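Now for the letters of each chain:
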Amino acid sequence: FPLPHSVTRTKTVETLEIADADLPLSQILYKLKIAGKASDDWQSVIHGIRPITSELWQNFNLHKKHQFLRHLMSFWSIHRHRITLDNNTQIMAMIESGKLQIVKGRLQKLEEKNSQILATLTNQKTVTADLVLNAMGFDFSGSNSDLLQNILQEKIISHHPTKLGFEVSENHPNFYLAGGLLTGQLLEITAVPELRILAHQIALKISAL
């Protein structure tokens with residue numbers, strides 16, 4: 001579950017450097033854990049790694065990227081993408097009162113039954129609901145976007161090897177992607193600091209044409 005932000009902005013602790021991208025993921029994680037335990041607030045370690053997150057990611061080979069996505073993405077997300085204290089307080093209160101239940105499992109199928117929706121999970125658990133909301137994030141397949149389907153068919157872009165987002169064909173150097181569409185390439189590219197840098201880079205390229 002997403003962890004809450006600190007009450008105040010903590011200091012920045014620089015733990016990793018770009019050369020650490022060559023280390024096994026287990027060693028990278030170990031260095032972060034040790035730094036977190038040694039710090040007054042583990043969030044300072046997250047602040048320290050954020051400026052180089054994309055560069056570290058780009059220095060991972062494809063095998064290591066797949067390892068990260070399979071084994072560490074959830075661990076990374078709850079520490080990096082935190083929620084506000086107010087939201088966390090409300091959610092914890094809803095869990096304690098029984099208004100909110102979190103059930104672990106992968107969705108196997110949905111079916112309508114007696115005017116309700118029955119969700120069956122792969123662990124054989126079932127959940128009955130009046131409404132189902134898909135909050136899994138952007139559909140990187142592009143199947144729900146006519147625009148993405150068109151430019152995929154025209155081979156202007158292609159799916160990134162990680163299946164998270166897309167990459168532009170070498171034959172279309174003046175076509176640019178931004179934001180979550182570049183998740184597979186940059187990993188950290190949905191918050192303002194990273195978007196600001198990307199927008200500046202694109203603007204420089206366009207102005208140089």
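Residues numbered from 1 in each chain as written. Predicted model: local features only at pLDDT ≥ 70, side-chain atom pairs only at ≥ 80, totals over all residues. Heavy atoms only, no water.

**A closer look at the pairing of strand β1 (residues 107-113)**
Here β1 pairs with strand β2 (residues 116-121) via six bridges, running antiparallel. Residue pairing across strands places E112 opposite I117, the latter belonging to β2. The loop that links β1 with its antiparallel partner β2 comprises two residues; one of these, N114, has a positive phi angle of about 55°. (Pairing = 2+ DSSP bridges. Helix = DSSP H or I, 4+ residues; strand = E, 2+ residues; numbered from the N terminus.)

**So, the side chain of K64**
With respect to the helices, strands and loops of the structure, K64 is situated in helix α4 (residues 62-71). Within the buried core, K64 has no salt-bridge partner, and the shortest N-O distance to an opposite charge, that of D22, equals 5.8 Å. Polar contacts involving the side chain of K64 include one to the main-chain carbonyl oxygen of A21, which spans 2.7 Å. In this structure K64 touches A21, D22, L23, P24 and L25, once residues within four positions along its chain are discounted. (Buried < 20%, exposed > 50% of the residue type's maximum accessible area, 1.4 Å probe, protein only. Lys, Arg positive; Asp, Glu negative; His and termini not counted. Salt bridge = Lys/Arg side-chain N within 4 Å of Asp/Glu carboxyl O. Polar contact = N/O pair within 3.5 Å; in protein donor to acceptor, adjacent residues only side chain to side chain. Contact = heavy atoms within 4.5 Å.)

**Considerations on the packing of aromatic side chains**
Considering all chains together, one arrives at three aromatic pairs under this definition. Relative to F68, the ring of W57 has its centre 5.7 Å away and its plane inclined at 70°; by these criteria the two rings are edge-to-face. A residue pair is termed long-range when its members are at least 10 positions apart, and W57 in helix α3 (residues 53-59) and F68 in helix α4 qualify at eleven residues. For W57, a relative accessible area of 1% translates into the label buried. Through a chain of ring-to-ring contacts, three or more aromatic side chains come together here, namely W57, F60 and F68. (Phe/Tyr/Trp six-rings, centres within 6.5 Å; stacked < 30°, edge-to-face > 60°.)

**So, the sheet that holds strand β3 (residues 126-129)**
Read from one edge to the other, the open sheet built from three strands follows the order β1-β2-β3, with strand pairing classed as antiparallel. Looking along the sheet, the strands with just one partner apiece sit at the ends: β1 and β3. Put simply, the sheet's adjacent strands are angled 20° from each other on average, direction ignored. Two strands pair when backbone bridges link them, and β2 and β3 are joined in this way by four bridges, in the antiparallel orientation. The residue of β3 that forms the bridge with L118 is T128. (Axes fitted to C-alpha atoms, helices over the stretch in contact; angles between N-to-C directions.)

**Examining a nonpolar patch on the surface**
On the surface, a cluster of nonpolar side chains totalling about 350 Å² of accessible area is made up of F1, M92, I95 and I102. Here F1 lies in the segment before α1 (25-38). (Patch = residues over 30% accessible without salt bridge, like charges linked within 9 Å, V, L, I, M, F, W, Y side chains within 5 Å. Areas by Shrake-Rupley, 256 points an atom, 1.4 Å probe, with all protein chains shown as cover.)

**Concerning the nonpolar core**
Burial of nonpolar side chains together is a common tendency in soluble globular proteins. Formed by 18 residues in total, the largest nonpolar core has its most connected members in L16, I49 and F68. Elements supplying a minimum of two residues to this core: α1, α2 (43-49) and α3. In terms of residue count, the dominant contributor to this core is α1 (five residues). Once residues within four sequence positions are removed from consideration, F68 is found in contact with L25, W57, M73, W76 and L187. Counting residues in each nonpolar core, the second largest holds twelve residues, with L152, L182, I189 and L198 among its members. (Core = buried A, V, L, I, M, F, W, Y, C linked by side-chain atoms within 4.5 Å.)

**Some words on the layout of surface pockets**
Counted as a void, the largest pocket has a volume near 2400 Å³. When residues of the lining of the largest pocket are traced back to their parent elements, those giving at least two are α4, α5 (73-80), β1, β2 and β3. Class assignment for the residues of the lining of the largest pocket results in 26 nonpolar, 14 polar and six charged. Looking at the second largest pocket, its volume works out to about 610 Å³. (1 Å grid on protein atoms, 1.4 Å probe; cavity = no way out; pocket = protein on both sides within 12 Å on 5 of 7 lines; lining within 4 Å. Points joined across faces, edges and corners; volume = space filled by probe spheres on them. Nonpolar A, V, L, I, M, F, W, Y, C, P; charged D, E, K, R; others polar.)

**Here we look at the pattern of salt bridges**
Tallied over the full model, the rule gives four salt bridges. E111 is paired through a salt bridge with K109; the nearest N and O atoms lie 3.9 Å apart. E111 gets classed as partly exposed once you look at its relative accessible area, which sits at 33%. On the basis of relative accessible area, K109 is assigned to the partly exposed category, the value being 42%.

By themselves, these observations are geometric and do not establish any function.
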